[in-house]
Amino acid sequence: MILSGKEIKNKLGNEIIIDPFNDNQLGPNSYNLRLHHELVMYDEAVLDMKKKHATTMINIPEEGLVLEPGKLYLGRTMEYTETDCYVPMLEGRSSIGRLGLFIHITAGFGDVGFRGFWTLEIFCVQSIRIYPAVEICQIFYHSIEGDYIRYMSNKYQNNRGIQASMLYKDFEK
């Protein structure tokens, strides 16, 4: 079951945290999250799954930044989210997708217990100008049945910024 927008608001401060929260971003069954002004790009053309990679930080100015197709940009939400009771899910807004901008390539599925800012995997099919604080994606919440183990990753939990891939840690086991 997916929570309605009204139910998301009812659960705020108890079972769901969205900070900051703005009523204008609440939808019928989701909440719109905004794009932070920072982006990260990998410095290398070839990425090795077993290695940590250097990145470069880019600021999105108020007048916007043109993204180029064929490049991966990592961004993050302005909002911090947290829930121990629901499975958070992230999807792009349809208006954003209709411009050929993808905000998550594979990682829209959250884990119950996740706490932090959402890292966005941003990719465009043609050049597009983006702006800081644009409502770029939406979060929605599924109920969960049965016993579960809360998300306790040593890689991405309680993040404060954009998180580049830490897949290399899986190979260290």
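Please refer to the structure placed before this passage.
Everything quoted here is computed from the prediction, not taken from an experiment. (Residues numbered from 1 in each chain as written. Predicted model: local features only at pLDDT ≥ 70, side-chain atom pairs only at ≥ 80, totals over all residues. Heavy atoms only, no water.)

## Here we look at the side chain of R76
Then, in step 1: The topology assignment puts R76 in strand β6 (residues 73-83).
Then, in step 2: Of the side chains with opposite charge, E38 comes closest to the buried, unpaired R76, at an N-O distance of 5.2 Å.
Then, in step 3: With residues near it in sequence (within four places) discarded, R76 still touches R34, L35, H36, E38, F117, W118, T119, L120, R160, G161 and I162. (Helix = DSSP H or I, 4+ residues; strand = E, 2+ residues; numbered from the N terminus. Buried < 20%, exposed > 50% of the residue type's maximum accessible area, 1.4 Å probe, protein only. Lys, Arg positive; Asp, Glu negative; His and termini not counted. Salt bridge = Lys/Arg side-chain N within 4 Å of Asp/Glu carboxyl O. Contact = heavy atoms within 4.5 Å.)

## Observations concerning the environment of L74
Then, in step 1: Locating L74 in the fold gives a position in strand β6.
Then, in step 2: Its relative accessible area of 5% is what places L74 among the buried residues.
Then, in step 3: Considering only alpha carbons, one finds L74 and F123, 49 residues apart in sequence, at a separation of 8.8 Å.
Then, in step 4: Not counting chain neighbours up to four residues away, the residues in contact with L74 comprise E38, L39, V40, Y42, T119, L120, E121, I162, Q163 and A164.

## Quick word on the nonpolar core
The nonpolar side chains of soluble globular proteins are, as a tendency, buried together.
Then, in step 1: Counting 28 residues, the largest nonpolar core has L67, L101 and L120 as the members making the most contacts within it.
Then, in step 2: Counting residues per element, the ones that place at least two in this core are β1 (16-19), β2 (31-34), β3 (38-42), β7 (86-92), β9 (115-124), β10 (128-130) and β11 (135-143).
Then, in step 3: Those residues within four positions of L101 in sequence are excluded, and the remaining contacts are L67, I96, I122, F123, C124, I128, I130 and I136.
Then, in step 4: Membership of the second largest hydrophobic core comes to 5 residues, among which are V40, Y42, I162 and A164. (Core = buried A, V, L, I, M, F, W, Y, C linked by side-chain atoms within 4.5 Å.)

## Some remarks on unusual backbone geometry
Then, in step 1: Residue D19 is joined to P20 through a cis peptide bond whose omega torsion reads 0°.
Then, in step 2: Its place among the elements puts P20 in the loop between β1 and β2.
Then, in step 3: In this model, A133 sits at a positive phi of 70°, which is unusual for a non-glycine residue.
Then, in step 4: Among the secondary structure elements, A133 is positioned in the loop between β10 and β11.

## Here we look at the sheet that holds β11
Then, in step 1: The strand order across the open sheet formed by 3 strands is β2-β11-β7, and the pairing between neighbours is antiparallel. In this open sheet, the two strands that pair with only one neighbour each are β2 and β7. Sheet twist, expressed as the mean angle between neighbouring strand axes with direction ignored, is 35°.
Then, in step 2: Relative to β11, β7 runs antiparallel, the two sharing 7 bridges. By the bridge assignment for β11, V87 is matched with H142. (Pairing = 2+ DSSP bridges. Axes fitted to C-alpha atoms, helices over the stretch in contact; angles between N-to-C directions.)

## Details of the pattern of salt bridges
In a structure, side chains of opposite charge can pair up when their charged atoms sit close to one another.
Then, in step 1: For the coordinates displayed, the defined rule picks out 7 salt bridges.
Then, in step 2: Between E7 and K11 there is a salt bridge, with the nearest N and O atoms lying 3.3 Å from each other. With a gap of 4 residues between them, E7 and K11 both fall in helix α1 (residues 5-11), about one helical turn apart.
Then, in step 3: The salt bridge partner of R115 is D84, with a shortest N-O separation of 2.8 Å. Of the two residues, R115 is situated in strand β9 and D84 in the loop between β6 and β7; the sequence distance between them amounts to 31 residues.

What is shown is where atoms sit, not what they do.
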